[in-house]
Amino acid sequence: MKTKIYKVPFAVATKENRNYILINKGMVVVRRNILGDAKEIITEFNNFFYTESPFQGISNNEDAKYILHDTKSHSFKETIKRDTFALTIDKKDFADKNLATLKDIEEWEKNFYGSEFYRYYQQMNIIPKEKQKAINVKVMSLRNK
């Protein structure tokens, strides 16, 4: 399987009381690699959580693991605690009918900074890779003292 580009819906997961709620927010264009991981094509954001249910404004008890699947090294609950939300994609949307066309990609690039995805991306506590490397070097030097 080679890398493919898809235009798929994304949802925002939030926690209200003891329930997680998914709210469909719009479309996002992602590149999916041979391992099945999705990256947004401009920011290369790859911390999507994957669902296996339709986006219907689903409200589920926090123990309902069949809806949200944490496939990342950090946990879904930690992400919501840190950012107050998490971005999710439905695994079923990685289908041939959602393969992005050149027109889809051009429209995404043209309208990216006004998109719902970008609005949420800006609210996340994302540390650029270069800054994260510098932090790691500093932490390691302090540990070695």
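Keep in mind it's a predicted model, so treat the numbers as computed, not measured. (Residues numbered from 1 in each chain as written. Predicted model: local features only at pLDDT ≥ 70, side-chain atom pairs only at ≥ 80, totals over all residues. Heavy atoms only, no water.)

Novice: Looking at this model, I keep getting lost on the pairing of strand β2 (residues 19-32). Mind explaining?
Specialist: Working note: regular strand, side chains alternate between the two faces of the sheet. Where strand β1 (residues 4-16) and β2 come together, 13 bridges link them in antiparallel fashion. Pairing of Ile-5 across the sheet is with Arg-31, part of β2. In this antiparallel pair of consecutive strands, β1 and β2, the connection spans two residues, and Asn-17 shows a positive phi of 55 degrees. For β2 and strand β3 (residues 38-40), the ladder comprises three bridges, and the chain directions are antiparallel. Bridge pairing in β3 links Arg-32 to Ala-38. Between the antiparallel neighbours β2 and β3 lie five residues, among them Gly-36 with a positive phi of about 95 degrees. (Pairing = 2+ DSSP bridges. Helix = DSSP H or I, 4+ residues; strand = E, 2+ residues; numbered from the N terminus.)

Novice: Just to check I follow, could you spell out unusual backbone geometry for this structure?
Specialist: In terms of backbone geometry, most residues other than glycine have negative phi values and most peptide bonds are trans. Look at Glu-44: it is not a glycine, yet its phi comes out positive at around 65 degrees. Structurally, Glu-44 can be placed in the loop between β3 and β4 (49-51). Judged by its relative accessible area of 42%, Glu-44 is partly exposed. We note that Thr-84 has phi near 75 degrees; this positive angle belongs to a residue other than glycine. Structurally, Thr-84 can be placed in the loop between α1 (76-83) and β7 (86-90). The class for Thr-84 is exposed, based on a relative accessible area of 55%. (Buried < 20%, exposed > 50% of the residue type's maximum accessible area, 1.4 Å probe, protein only.)

Novice: I tried to follow helix α3 (residues 116-123) on my own but got confused; where do I start?
Specialist: In an α-helix, one turn spans 3.6 residues, which is why side chains three or four residues apart end up on the same side. All of the buried residues in α3 are Phe-117, Tyr-118 and Tyr-120. Mapping the buried residues of α3 onto a view down its axis gives an arc of 165 degrees, with all of them on the same face. The secondary structure elements touched by the buried residues of α3 are β1, β2, β3, β7 and α2 (102-111). (Arc of directions from axis to C-beta. Contact = heavy atoms within 4.5 Å.)

No statement about biological role is implied by the geometric values presented.
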